[in-house]
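# Residue-level structural notes
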Amino acid sequence: MAGSNRNLLRRKLIFEYGIMHDRFHVDELYTHMNNYKTKEGRPHKQVSISRNQLVSLLRTHALFMNMSNGYWKFTGDKHVMDREI
């Protein structure tokens, strides 16, 4: 998985988590992503991430706002996920 598709599944999972939890701590999202399982119950190979990568992905997108001390807020519309990934 290389090129422009590298972070596609990561962004999709971040959006899903942001929609479910309007305000969250980056450590909660980090744990969720690294423990994410496939439909078969195996760990997903393409969504594991480091904290630095996660914060970078959150910073680059305008729909996530850094509140303070590692807390982030999803500021987008709940139905925007398919258009904005």
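Shown above is the structure to which this text applies.
The text that follows walks through the structure, step by step, so that each part is easy to find. (Residues numbered from 1 in each chain as written. Predicted model: local features only at pLDDT ≥ 70, side-chain atom pairs only at ≥ 80, totals over all residues. Heavy atoms only, no water.)

## Quick notes on the environment of L13
Using the following cut-off: Strands here mean DSSP runs of E at least two residues long; helices mean DSSP runs of H or I at least four residues long; both are numbered from the N terminus.
With respect to the element layout, L13 can be found in helix α1 (residues 8-20). Along the chain, L13 and L29 lie 16 residues apart, while their C-alpha atoms are 9.4 Å from each other.

## Things to note about the packing of α1 against helix α3 (residues 51-60)
Describing two packed helices takes the angle between their axes plus the distance from one axis to the other. Selection criterion: To define axes, lines are fitted to C-alpha atoms, for helices over the stretch in contact only, and angles between the resulting N-to-C directions are given on a 0 to 180 degree scale. Here the word oblique covers every angle except those under 35 degrees (roughly parallel), over 145 (roughly antiparallel) and from 65 to 115 (roughly perpendicular). Every residue pair with non-hydrogen atoms within 4.5 Å of one another is taken to be in contact. Three classes are used, and their members are as follows: Ala, Val, Leu, Ile, Met, Phe, Trp, Tyr, Cys and Pro are nonpolar, Asp, Glu, Lys and Arg are charged, and the others, Gly among them, are polar.
For the pair α1 and α3, the least separation of the axes is 11 Å and the interaxial angle reads 70 degrees. Looking at the two axes, α1 sits roughly perpendicular to α3. Residues R10, R11 and I14 of α1 form the contact with α3, whose own contacting residues are Q53, L54, L57 and L58. In the contact of α1 with α3, the residues fall into 4 nonpolar, 1 polar and 2 charged.

## Looking at the sheet that holds strand β3 (residues 71-74)
Rules: Any two strands with at least two DSSP bridges between them are considered paired.
Pairing is antiparallel in the open sheet, where 3 strands are placed in the order β1-β3-β2. Looking at which strands have only one partner, the edges of the open sheet turn out to be β1 (23-25) and β2 (64-68). Taken pair by pair, the neighbouring strands of this sheet meet at an average axis angle of 35 degrees, ignoring direction. Both β2 and β3 contribute to a ladder of 4 bridges, which runs antiparallel. Note on β3: the bridge partner recorded for N66 is W72. Sitting on the sheet, helix α2 (residues 26-34) touches β1 and β3, and the angle it makes with β1 is about 75 degrees.

## Digging into the packing of α1 against α2
Just so we agree on the cut-off: Here a crossing is taken to be left-handed if its near helix is turned anticlockwise relative to the far helix by less than a right angle, and right-handed if that turn runs clockwise.
It is the contact of α1 with α2, at a shortest axis distance of 11 Å, that shows an interaxial angle of 125 degrees. Relative to α2, the element α1 is oriented oblique. The hand of the α1/α2 crossing is right-handed. Across the interface between the two elements, R10, L13, I14 and Y17 from α1 touch E28, L29, H32 and M33 from α2. In terms of residue class, the contact of α1 with α2 is built from 5 nonpolar, 1 polar and 2 charged.

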